[in-house]
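Chain by chain, the residues run as shown.
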Amino acid sequence: MPDSHTPTVAILMCTYNGASYLDRQMESFYQQSHDNWELWVSDDGSSDGTLDIIEQYRSRGKRITIVRGPSAGFARNFLTILRNERITAEYFAWSDQDDVWLPDKLSRAVSALQRRDRDIPLVYSGRTELIDADDRHIGFSPVFHKKPGFANALCQNIGGGNTMVFNRAARDVIRVGDVPEVKYHDWWAYQLISGVGGVLLYDPEPVLLYRQHGGNQVGENRSLSAKVRRLTTIFSGVYHTWNAANVEALSHRRHLLTPENAQTYDSFAAALRATSSFRRVMHLRRSKIYRQKPYEDWVFRFASLCRRYP
């Protein structure tokens with residue numbers, strides 16, 4: 001049943017020398033139609049004016065708390081702040097430091113999450129509008145049509161961390177065990193939540209302005225140059241390294257996976273360890289993993305034959 005009150009959303013923003021665009025992001029929080037939120041900032045040792053800007057917003061009447069980040073990369077920072085036991089709320093939203101949230105971002109997320117069973121781990125994620133360093137429109141992120149699921153999550157992330165909003169059940173799952181050594185926090189969240197039988201609620205409508213600039217840790221992925229970079233990543237072996245880290249982290253949580261997803265995981269892990277192309281392809285086929293675009297599936301099948309994937 002939907003909640004009868006306006007739930008609290010804890011915005012979890014990770015910062016590091018983000019003064020250049022932080023004002024725009026902070027202002028967009030205050031423009032949210034869902035205004036029952038509090039802000040937690042995990043700063044990884046900023047040396048510019050980031051913390052001064054945040055301090056200036058404390059007088060605006062919202063609860064703002066600053067904590068020290070682990071200073072071990074953005075993925076660990078996001079996963080660490082989500083585990084902070086001091087933070088109590090109905091929902092938890094990750095935030096980058098340089099985007100601009102559209103006014104209905106939180107209301108869309110909360111509405112979608114409230115319509116589902118709160119005992120099921122749920123994570124909401126939406127599409128984004130791409131802007132440049134000067135706030136000019138440059139495109140949109142892709143629309144994904146295939147159903148989200150663990151077999152997709154093992155080889156592709158369709159949920160941008162800057163759009164993700166979690167319910168308590170999802171947060172509890174992510175907090176199991178130690179913070180994993182993974183490359184991308186949002187990819188890990190998609191894998192783990194879908195793996196345990198939770199649901200990723202994908203919204204095809206843009207919910208924020210995703211800024212593309214030279215300081216981005218992770219940029220857009222739809223341009224031709226981005227596709228070329230992705231192919232280079234696959235065939236260079238870097239993607240294999242990322243997959244190996246994810247598989248290792250999941251191995252410590254295999255007992256949480258549903259029986260069907262545990263079998264998918266075992267087949268994918270076997271493909272990762274296989275020394276021959278034949279066995280790699282065989283295990284991948286058994287895993288039934290899939291990407292959202294047909295041509296991407298063909299690329300990965302070919303890469304597996306070349307011993308470059310997974």
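As the structure is a computational prediction, the values presented were derived from the model and not from experiment.

The rules behind the values
Every chain begins its residue count from 1, and numbering advances along the sequence as written. The predicted nature of this model means local features are confined to residues of pLDDT at least 70 and side-chain atom pairs, given and counted, to a pLDDT of 80 or more, with totals for whole chains, interfaces and linings taken over all residues. Water and hydrogen atoms play no part in the side-chain values, which are based on all heavy atoms of the structure. Strands are runs of DSSP state E lasting at least two residues, helices are runs of H or I lasting at least four, and both sets are numbered from the N terminus onward. Note on method: radius of gyration uses C-alpha positions; expected globular size equals 2.2 Å times residues raised to 0.38. For each residue, the accessible area found with a 1.4 Å probe, counting protein chains only, is set against the maximum for its type, and the residue is called buried under 20%, exposed over 50%, and partly exposed in between. Contacts: residue pairs with any heavy atoms within 4.5 Å of one another. A 1.4 Å probe and the Shrake-Rupley method give the accessible areas. Residues count as covered only by the protein chains that appear here. Positive charges come from Lys and Arg alone, negative charges from Asp and Glu alone, with His and the N- and C-terminal ends not counted. In this description, the location of a charge corresponds to atom NZ of lysine, CZ of arginine, CG of aspartate or CD of glutamate. How far a helix is expected to stretch is found by multiplying one less than its residue total by 1.5 Å. Salt bridge criterion: a side-chain nitrogen from Lys or Arg within 4 Å of a carboxyl oxygen from Asp or Glu.

This next bit is on the overall build of the protein. On a plain count of helices and strands, the protein comes out with 12 helices and 9 strands. What you see for the protein is a C-alpha radius of gyration of 19 Å, in line with the 19 Å of a compact globule of 310 residues. Across its three principal directions, the C-alpha atoms of the protein cover 65 × 45 × 35 Å. In the protein, which comprises 310 residues, the proportion classed as buried is 54%. Pairs at least 24 apart in sequence give 79% of the contacts found in the protein among residues at least 6 apart. Accessible surface computed for the protein: about 14,200 Å², of which carbon and sulfur atoms make up 51%. Here the protein carries 40 positive and 34 negative side-chain charges, and the mean point of each set is 9 Å from the other.

Between the first and last C-alpha of helix α1 (residues 19–30) there are 18 Å, a value that for 12 residues agrees with the 16 Å anticipated at 1.5 Å per step. Residues of α1 that are buried: Leu 22, Gln 25, Met 26, Ser 28, Phe 29 and Tyr 30. Next to the buried residues of α1 lie β1 (9–15), β2 (37–43), α2 (50–57), β3 (64–68), β4 (91–95) and β5 (100–101).

Applying the stated rule across the entire model yields 13 salt bridges. Linking Arg 63 and Glu 38 is a salt bridge whose minimum nitrogen-to-oxygen distance equals 3.4 Å. In this pair, Arg 63 is assigned in the loop between α2 and β3 and Glu 38 in strand β2, connecting sequence segments 25 residues apart. The partly exposed category is assigned to Arg 63, whose relative accessible area is 44%. For Glu 38, a relative accessible area of 9% gives the class buried. Close ionic contact of Asp 134 with Arg 136 constitutes a salt bridge, the shortest N to O distance being 3.4 Å. Each member of the pair, Asp 134 as well as Arg 136, is classed as exposed.

Take it as geometry only, folks, not as evidence of what the structure does.
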